[in-house]
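This is what each chain is made of:
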Amino acid sequence: MRNIVAGNWKSNKLMKEGAELMDAINKGLPRLQKTEVIVAPPAPFLAHYASKLDHTSQIQLSAQQCSANPSGAHTGEFTAEMLRSCGINTVIIGHSERRDRFGENFDVVREKVEQAVAANLHVLLCCGEPLEVRETHGHFELIAKQLKDALLEISIEQMQRITIAYEPVWAIGTGVTATADQAQEMHHFIRKQLTNWYSPEVAGSTRILYGGSCKPSNAAEIFGQPDVNGGLIGGAALDAESFLSLITASEAS
Ligand code: 13P
């Protein structure tokens, strides 16, 4: 099973700056042996960047979200099918910033996952607990609920399209990282739930990424944990050198 190192640019970069970053990542990539590299730029750049990647590129593109609805009268929304039609094969769903700032609850997350899977997209499904939940030891229960809600309608076969990203909210953009032990403990827990809900095979073949202040200085230790299959990276994905060193850490893990 290959690791994934995915860069979530969030609302950063202008078109030309992003194109330069993509170019620098492309040029700096080693021949990848055990890592898939995914980049999630802002939506307005996606179709243009997709047109610049040829079949030899080792970079895949992802959107940062998609609509919970199919096409229709939903001003400002873009659908999973639209992403697919411009050559995008992956979408991040359920990021905590969407949940906290744009009111996406897990019913909406579930609808988005269904739309994305129906459009044959690969989903990076995020989950993660806020600080107060961890401090009161409710984190396992909450993560199980978030994932169960999001995956309610997803079958064993469709699980092939799902990658899970564990992103503790207290570690996102704060510089505070979960320890490697904390990451491993939660990833192992998530795998156990997948065994219960689906099968040992699904649990064993679903990639679980860590996200939350993952950076060159801590990536080797985190990626080295048995249940960690790479990372979903925010700030450190905005600079080619640091993103490439995370990819190197994944290749070495
Ligand atoms: P940071 O790496 O900036 O903490 O962001 C993580 C994240 O939210 C990735 O989706």
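Refer to the structure printed above.
Residues numbered from 1 in each chain as written. Predicted model: local features only at pLDDT ≥ 70, side-chain atom pairs only at ≥ 80, totals over all residues. Heavy atoms only, no water.

## Quick word on the layout of surface pockets
Part 1 of the argument: The volume enclosed by the largest pocket comes to roughly 370 Å³.
Part 2 of the argument: Every residue lining the largest pocket is counted, 16 residues in all, and those nearest its centre are Lys 10, Ser 11, Gln 64, Arg 98 and Phe 102.
Part 3 of the argument: Here the lining of the largest pocket takes three residues from helix α4 (residues 96-101), the largest share from any one element.
Part 4 of the argument: Residues of the lining of the largest pocket, tallied by class, amount to seven nonpolar, five polar and four charged. (1 Å grid on protein atoms, 1.4 Å probe; cavity = no way out; pocket = protein on both sides within 12 Å on 5 of 7 lines; lining within 4 Å. Points joined across faces, edges and corners; volume = space filled by probe spheres on them. Helix = DSSP H or I, 4+ residues; strand = E, 2+ residues; numbered from the N terminus. Nonpolar A, V, L, I, M, F, W, Y, C, P; charged D, E, K, R; others polar.)

## A word on the side chain of Lys 112
Part 1 of the argument: Its location among the elements puts Lys 112 in helix α5 (residues 106-118).
Part 2 of the argument: Only 2.6 Å separates the side chain of Lys 112 from the side chain of Gln 65, close enough to count as a polar contact.
Part 3 of the argument: Ignoring anything within four residues of it in the chain, the contact list for Lys 112 reads Gln 65, Cys 66, Ser 67, Ala 68, Ile 93 and Glu 104. (Polar contact = N/O pair within 3.5 Å; in protein donor to acceptor, adjacent residues only side chain to side chain. Contact = heavy atoms within 4.5 Å.)

## Here we look at the nonpolar core
Part 1 of the argument: Ranked by size, the top nonpolar core spans 69 residues in total, and within it Ile 162 and Ile 190 carry the most contacts.
Part 2 of the argument: Among the elements that take part in this core, helix α11 (residues 240-252) stands out by supplying six residues, more than any other.
Part 3 of the argument: Residue contacts for Ile 190: discarding those within four places in its chain leaves Cys 127, Ile 143, Leu 147, Ile 164, Tyr 166 and Ile 208. (Core = buried A, V, L, I, M, F, W, Y, C linked by side-chain atoms within 4.5 Å. Buried < 20%, exposed > 50% of the residue type's maximum accessible area, 1.4 Å probe, protein only.)

## What to know about α5
Part 1 of the argument: An ideal rise of 1.5 Å per residue puts 18 Å on 13 residues; α5 measures up with 18 Å between its terminal C-alpha atoms.
Part 2 of the argument: Taken together, the buried residues of α5 touch α3 (80-85), β4 (90-93), α4, β5 (122-127), α7 (139-150) and β6 (162-166).
Part 3 of the argument: Near the N-terminus of α5, the side chain that reaches the backbone nitrogen of Asp 107, with its oxygen 3.0 Å away, is that of Asn 105.
Part 4 of the argument: The first or second residue beyond α5 is Asn 120, which carries a positive phi of 65°. (Expected span 1.5 Å × (residues − 1).)

## A word on α7
Part 1 of the argument: Here α7 is twelve residues long and its end C-alpha atoms lie 16 Å apart, about the 16 Å a rise of 1.5 Å per residue gives.
Part 2 of the argument: Among the residues of α7, His 139, Ile 143, Ala 144, Gln 146, Leu 147 and Ala 150 are the ones counted as buried. Projected down its long axis, α7 shows its buried positions confined to an angular sector of 165°, all on one face.
Part 3 of the argument: Residues of α7 that are buried in the fold lie against α4, α5, β5, α6 (131-135), β6 and α8 (180-197). (Arc of directions from axis to C-beta.)

## A word on the site of the ligand
Part 1 of the argument: Near the ligand, the surroundings consist of 13 residues, among which Lys 10, His 95, Gly 173, Ser 213 and Gly 235 are the closest.
Part 2 of the argument: A distance of 2.7 Å separates an oxygen atom of the ligand from a polar backbone atom of Gly 173.
Part 3 of the argument: A distance of 3.0 Å separates an oxygen atom of the ligand from a polar backbone atom of Gly 234.
Part 4 of the argument: When the ligand is considered free in solution it has 310 Å² of accessible area, and contact with the protein chains removes 95% of it. (Near = heavy atom within 4 Å. Areas by Shrake-Rupley, 256 points an atom, 1.4 Å probe, with all protein chains shown as cover.)

## A few points about the pairing of strand β8 (residues 230-233)
It is a general feature of regular strands that their side chains alternate between the two faces of the sheet.
Part 1 of the argument: Judged by which residues are buried, β8 turns out to be covered on both faces: Gly 230 and Leu 232 on one side and Gly 231 and Ile 233 on the other are all buried.
Part 2 of the argument: Of the pairings in the sheet, the one linking strand β1 (residues 3-8) to β8 comprises four bridges and is parallel in character. Bridge pairing links Gly 7 to Ile 233 in β8. (Pairing = 2+ DSSP bridges.)

## Thoughts on the pairing of strand β2 (residues 35-40)
Part 1 of the argument: Among the six residues in β2, six count as buried, and that is most of the element.
Part 2 of the argument: Along β2, one buried face is formed by Thr 35, Val 37 and Val 39 and the opposite face, lined by Glu 36, Ile 38 and Ala 40, is buried too.
Part 3 of the argument: As defined by bridge partners, β1 adjoins β2 across six bridges and the pair is classed as parallel. Bridge pairing links Asn 3 to Thr 35 in β2.
Part 4 of the argument: Crossover β1 to β2 through helix α1 (residues 15-28) is right-handed. (Right-handed = clockwise from strand over helix to strand, strands pointing away.)

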